[in-house]
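This is what each chain is made of:
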Amino acid sequence: MRITADVCQKRNVEQQVRSFNSAYGKRSPPWPNNRSFVSMETRETTLINQGLEDEMEVWGYRPCLWKMILVGVGAVCSGGLLLLLLYWLPEWGVKATCTLSSLREAHTLLLRTTDDFRQWARAKVHVMLAPGKTPFDSAEHRPTAHLLNEDDHRYHQSLIAEQKEPNGKFYHGQSANIVHYFTFHSIRYYWNEGTQDFEIFKGLEDTKVSCADIHRDHSYGLTAAIRDHRALFFGKNEIDVQVPSLFRLFIKEVLNPFYIFQLFAIVLWAVQGYFHYSLSVLFFSFILIAASLYSIRKQYAILHNLVVAHSMMRVSVCRRSKDVEQVMSTELVPGDVITIPANGMIMPCDAVLIRGTCIVNESMLTGESVPVTKTSLPSSGDDAERIYSTEEHKRHTLFCGSHVIQSRYYGGKLVKVVVVRTGFCTEKGQLVRSILYPKPTNFKLHRDATQFLMCMVVLAVLGFFYAIVVDVILGVSAEAVIYDALNITLIAVPPIIPVALTAGLMHAQRRMKRLGIFCISPQRINISGQLNLVCFDKTGTLTEDCLDLWGVQRAEDGIFLAPDTRISTETSFAACMATCHSLITIEGKLCGDPLDVKVFGATGSILEEATEYQAALYNARISTVVQFPDRSCEFGIVRQFPFSSALQRMSVVVRQLGQNHFDAYLKGAPETVSNLCKRHTVPQNFKETLETYTRQGFRVIALAHHRLDSELPWLQIQSLSREQIETNMDFLGLIVMQNKIKEQTAGVLLDLRQANIRTLMVTGDNMLTAISVARDCGMIRGHEKVIIADAVPPNDRNPAAITWRYSENPLLKSNQTTKINFGLHSEKDPGYHFAVSGQAFNVITEHFSHLVPKFLLRATVFARMTPDQKTQLVQALQSIDYTVGMCGDGANDCGALKKAHSGVSLSDLEASVASPFTSSIPNISCITNLIRQGRAALVTTFCVFKFMSLFSLILFCGVILLYTVVSNFGDWQYLLTDTVMLSLIIFTMSLNPAWKKLSRRTPPTSLMSIPVLCSILFQMLNCLLFQIFTFFLVQQQSWYRTPQEIHCNDSRFSDTCGFNKTEAGVLYIITNYENTSLFYVSAFQYLIVAIVFAKGKPFRQPSYKNWSFVLTCTVLYGFILFIMLNPIPAVDELMEIATVPYDWRITLLIIILAHAVLSFILENLILDALWKFFPTKPSVKWTSNRHAANTTQLAKEFWGLAFLSRMFSHKNRPPKTKYKYLALKLQEEVDWPPAPSTITYAGTTQYHISMPF
């Protein structure tokens, strides 16, 4: 009825809007009448966020009265189950109550993601009145908006009741526009009449404004009218992560299909008389709900604490009237100008710096704790004409959540920033959204679990009809038929499986926390157990953060001087070392990049903040002053161009005290710096000298200097672009730094290699330095060759080309070739690796797409890679079915860390949104710990899954057999097995710690694999065999009596003899010999399969080290064995156990022991051999002949697999993963890898011999 009222209300609104617009001479909006719903236009669908990660399809719908009436009737008839079904399936809920319409006319939207998961969602369309159609429409010359009076407010309440402006006002006027929007995942989407589509207004970037335009048009602040207008669209500036109430979480959790199914089962069991059992299940369900609520609320609380620091504060805002007023940060909108106090602040939004400089700590976003310097946005020159982008101009942008340590500007003016994005549209807001609304992980385990449950559903259907047939044949009542059919269905489909699958994750997360690894995405723990390739950053990850200065090699007049460890302060070389950096002093301590600190410290210079007096001496606004230790020279830093990963350099403009000109100093990658220098100043042996150092693993930095024209004043210096300053430089020489490898690195890489996990180095450093470090740490072994792929883009005369050269001997003669057999894991093969630079990587991916997969198969070193290229590399590796891990310091690796299946940021923060995992241990040992814990969690998931499956199948088989004698298990029997035993075993089975070392053998990836299915099938047949044997054997005993005979001879039931009813009215005869025998056997079977499935090595510690599991099994074994061999009348009466001879009890014990032995043989001998025959990750060196030979040999060694030899000796099943299949194919390519001194041109696969290098 509420939906119907909303429809009528909206129709009234439409009429009011027509009258409202007609009164001002405005054209009535084309709202359709009831007859215009069905047309070609109503069939429209469109894409929003096209080309982005959260791309969605959208359909428009309007409520339909007759459909809603039918749904209401159906809900009443089904007891509310129809409403639950429509709640679980949003697409059904919308289609069942609405009719299709155009997007513009829609009242409700149906959304579906375009990824592999095709998730559905629904959203309600809202309407508001605004002065403009977009937040950036001018509101200055429109009629003044005013508050509606009381009558007008009631008149328009149905239209804008929910569209309050932040201060509580309602607006309308002559130029009021009707704006349609909806909210999805904390982001508003607004209707665009021009494109006939919904769009997002992210912030100032939407206007495609240039840097110069920001200075000219947006540096004076906003008027109140513009601010209020934009506030309507952007809302409050807050990342609102509300911790939901327990009641709300409880209702949402209870409506989960698992708990609804559980509730139905509890009611059914209670009706059948299983009161104690149903109450115990209800109790444990509440415990599960409480644990789930605690976990969910804790995650919300952690996330809330991450954003609460900047969600509410007072800031100083500059208005266009030149007034500065204090407002709450929640009132900020894009275009506002705020001031940064000298002592800093935590940024409440994304803002671009337009005046002054700031020192910022971005550790919460990047995991990198080193402060960075932010400079003001260029206001003139070529740089100022570029369109502003937060990504391109991040060195001028202060991001939400970052901590501004200090700000500085000279001349008594304020440091100002312009707000560009607010709320969830900020950089941090988007990261928080990715945590609040995570994309489902495409993990095969989850898909297989669903498929297996469907198989169990099929089994349940078969059991359903079996129960009906047996009951009809036995002539039981209709009530009994219904109860039996429903009961067997509940037994076959265990509803607790989804909960059981997450048991290992909780314990793994707790163990990882003790190891210093913090996780904000628990679902990725299982994926971490499947990693088969890990990418590592170099500096700060594989090597130490701090570099030692080995020496310098100056250049004069185009000639290298001898290497030296002393630095003369009388040279431009020393001046460049002392001034070309982004260091700052905080409380008297130097802060900044460790490399800058080391280089600056080598000069012995003194860094001070500039005072007004010093600025007057230099006749320029300077930020810092540098003095040599002997006070011989003093420099004032006038302008800084911070280091850029894309440009691979940084530069400064300085003035020496007493000089009338400015000097530019440049520092960066030697290849980059040499290209910016005059040719005659670069030594002819530059490449040879550089290669000498890099081959030894040194990190080399080049310096350059350029004396600017003395006629250039300070103001003109500020307007010059970076390109104008960093040109025609004089080459000064090289700084040689020694980068030591962390002591844990080599051992961890060796462990990963022995575990058959590939390792890659992805760094921004020099190619030869990276290769040298890769060799030193064992990533590339001594006998393996490295092939460098030098790719150049096409030009007017030649197509794109790749030159293949071998790093061991770059002067290799052209007629000298080396044949390398392809083999990833052959110890006899010398092996090879590809190495490539970031520039060459771009050329290969763009012009040699056919080579990319097989190139990536053996590429190990990626040098001079930008952050975007690192992300592209991770995606390329994932495209050939690698499960990729990424480990870095977080600074330049954020994109790759989030794209990888498991990204680990080395940071001292307990929680960071930079990556799914954060390690407080600053070395790569966290990777082996993560994989070990992931494998243990994954194997635990498989163990619990297999146990749950067998538990249900054992119970299913027992009940099926008992149905034939009109019996079932008793109330307390169910309570003991299905509640006490099941819950204790599931909980304690998951407590096995991870194995201490990584195994070369990998855990299973699929629940539907042959080893897993065979394990379940064989154990099920084994259990069924012994149950059937026991069932028929007890009937052959001389003392045996049928259940009816026992029932009729019992004085309690003499008056109901023949009616198959007990005193409680339950349609089962519980106390009988079949029930007693099957109860004892099945109870022991549960424990036997639990022990058999609870495997340890090579992924988990042995089960005997899991004292809680051992104690649980011992107590349960002891209790059941005790009541079986030493019957206690009170216990037998409570458990409804029939009195049987002692000889039969011994017989049952023998049957149980035989079953245990056979189960052990099946799982640990035959099935282990089957596991080896069907490896989860077959070696890529397999061929058809080898496979056949291996099969025959294996069949000879294991008698139980002889039939496999015939089945598989003539058939080789190729690997399913792309990279393994590609590895097999490459064995047939005789011209791969390319021989030395060959060139591959784009558009051909032929190799052309080049001239000798």
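Scroll up a little and you will see the structure.
Here is what the cut-offs are and how they apply
- Residues numbered from 1 in each chain as written.
- Predicted model: local features only at pLDDT ≥ 70, side-chain atom pairs only at ≥ 80, totals over all residues.
- Heavy atoms only, no water.
- Phe/Tyr/Trp six-rings, centres within 6.5 Å; stacked < 30°, edge-to-face > 60°.
- Helix = DSSP H or I, 4+ residues; strand = E, 2+ residues; numbered from the N terminus.
- Patch = residues over 30% accessible without salt bridge, like charges linked within 9 Å, V, L, I, M, F, W, Y side chains within 5 Å.
- Areas by Shrake-Rupley, 256 points an atom, 1.4 Å probe, with all protein chains shown as cover.
- Salt bridge = Lys/Arg side-chain N within 4 Å of Asp/Glu carboxyl O.
- Lys, Arg positive; Asp, Glu negative; His and termini not counted.
- Charge placed at Lys NZ, Arg CZ, Asp CG, Glu CD.
- Pairing = 2+ DSSP bridges.
- Expected span 1.5 Å × (residues − 1).
- Buried < 20%, exposed > 50% of the residue type's maximum accessible area, 1.4 Å probe, protein only.
- Core = buried A, V, L, I, M, F, W, Y, C linked by side-chain atoms within 4.5 Å.
- Contact = heavy atoms within 4.5 Å.
- 1 Å grid on protein atoms, 1.4 Å probe; cavity = no way out; pocket = protein on both sides within 12 Å on 5 of 7 lines; lining within 4 Å.
- Points joined across faces, edges and corners; volume = space filled by probe spheres on them.
- Nonpolar A, V, L, I, M, F, W, Y, C, P; charged D, E, K, R; others polar.
- Axes fitted to C-alpha atoms, helices over the stretch in contact; angles between N-to-C directions.
- Parallel < 35°, antiparallel > 145°, perpendicular 65-115°, else oblique.
- Left-handed = near helix turned anticlockwise from the far one by under 90°.

Visitor: How should I be thinking about the packing of aromatic side chains in this particular structure?
Guide: Under the defined criterion, the tally for this structure stands at 36 aromatic pairs. Measuring from ring centre to ring centre gives 5.7 Å for F1084 and Y1117, while their planes differ by 35°; the resulting arrangement is tilted. With F1084 in helix α35 (residues 1073-1093) and Y1117 in helix α36 (residues 1107-1125), this residue pair connects regions lying 33 residues apart in the sequence. Counting every residue linked through ring pairs, the aromatic cluster contains W269, Y274, Y277, F969 and Y974.

Visitor: What is the right way to read a negative patch on the surface from this model?
Guide: On the surface, E544, D545, D593 and E743 cluster together to form a negatively charged patch. Note on placement: E544 falls in the loop between β21 (533-536) and β22 (548-556).

Visitor: Just checking my understanding: could you explain the sheet that holds strand β15 (residues 357-361) for this structure?
Guide: Two orientations exist for strands paired in a sheet by backbone hydrogen bonds: parallel and antiparallel. With respect to topology, 4 strands assemble into an open sheet ordered β13-β18-β15-β16, the strand pairing being antiparallel. The open sheet has two free edges, formed respectively by β13 (345-346) and β16 (372-374), since each of these has just one partner strand. Where β13 lies against strand β18 (residues 403-408), 2 bridges are found, and the strand directions are antiparallel. Paired with I346 across the bridge in β18 is H403.

Visitor: I'm lost on a positive patch on the surface in this one. Help?
Guide: On the surface, K996, K997, K1097 and K1105 cluster together into a positively charged patch. Its place among the elements puts K996 in the loop between α32 (971-989) and α33 (1010-1035).

Visitor: Help me out: how do you make sense of helix α14 (residues 478-492) in this one?
Guide: Because the α-helix completes a turn every 3.6 residues, residues three or four places apart line up on one side. Taking 1.5 Å per residue, 15 residues should reach 21 Å; α14 reaches 22 Å between its end C-alpha atoms and fits that length. Turning to α14, its buried residues are A480, V481, Y483, D484, A485, N487, I488, L490, I491 and A492.

Visitor: Just to check I follow, could you spell out the pattern of salt bridges for this structure?
Guide: It is possible for side chains of opposite charge to pair when their charged atoms get near one another. Under the defined criterion, the tally for this structure stands at 25 salt bridges. For E726, the salt bridge is made with R649, and the minimal N-O distance between the two is 2.4 Å. Placement of E726 in the loop between α24 (722-725) and β32 (730-738) and of R649 in strand β29 (residues 649-656) is noted, with a sequence separation of 77 residues between them. The exposure class of E726 is buried, given its relative accessible area of 2%. On the basis of relative accessible area, R649 is assigned to the buried category, the value being 9%. The shortest N-O distance in the salt bridge between K1095 and E1163 comes to 3.3 Å. Of this pair, K1095 sits in the loop between α35 and α36 while E1163 sits in helix α38 (residues 1142-1173), placing them 68 residues apart in sequence.

Visitor: Would you mind going over the sheet that holds strand β28 (residues 634-644) with me for this structure?
Guide: Taken together, 9 strands build an open sheet; the order of strands is β23-β22-β32-β31-β30-β29-β28-β27-β26 and the sheet is antiparallel. Of all strands in the sheet, those with a lone pairing partner are β23 (559-560) and β26 (606-609), marking the two edges. Here β26 runs beside strand β27 (residues 624-627); their pairing, made up of 4 bridges, is antiparallel. Within β27, the position partnered with E608 by the bridge is V625.

Visitor: Looking at this structure, I do not really get a nonpolar patch on the surface. What am I missing?
Guide: Among the surface-exposed residues, V1157, L1158, F1160, I1161 and L1165 lie close enough to one another that they form a single nonpolar patch of about 430 Å² accessible area. Within the fold, F1160 resides in helix α38. Taking relative accessible area as the criterion, F1160 reaches 47% and is therefore assigned partly exposed.

Visitor: Looking at this structure, I do not really get the nonpolar core. What am I missing?
Guide: One recurring pattern in soluble globular proteins is that nonpolar side chains are buried together. Grouped together as the largest cluster of nonpolar side chains are 86 residues, with contacts concentrated most on F947 and M989. Other than its neighbours up to four places away in sequence, M989 contacts T940, C943, V944, F947, A1090, A1094, R1100, N1106 and F1109. If you look at the next biggest cluster of nonpolar residues, it comprises 43 residues, including I844, F848, L857 and L1222.

Visitor: Can you walk me through the layout of surface pockets in this structure?
Guide: Summary: where empty space remains is shown by rolling a probe the size of a single water molecule over the atoms. Looking at the second largest pocket, its volume works out to about 1,300 Å³. Surrounding the second largest pocket, 35 residues form its lining, E671, K687, N766, D790 and R805 being those nearest its centre. Elements with a minimum of two residues in the lining of the second largest pocket: α21 (670-675), α22 (686-695), α26 (767-776), β34 (785-792) and α27 (838-847). When its residues are assigned to classes, the lining of the second largest pocket shows 15 nonpolar, 12 polar and 8 charged.

Visitor: Can you help me understand the packing of α22 against α26 in this one?
Guide: Packed helix pairs are specified by the crossing angle of their axes together with the interaxial distance, meaning the distance between the axes. Contact geometry of α22 with α26 gives a least axis separation of 7 Å together with a crossing angle of 25°. Classed by the angle they form, the pair α22 and α26 counts as roughly parallel. Note on packing geometry: the crossing formed by α22 with α26 is right-handed. Judged by residue contacts, E691, T694 and R695 of α22 engage L768, T769 and S772 from α26.

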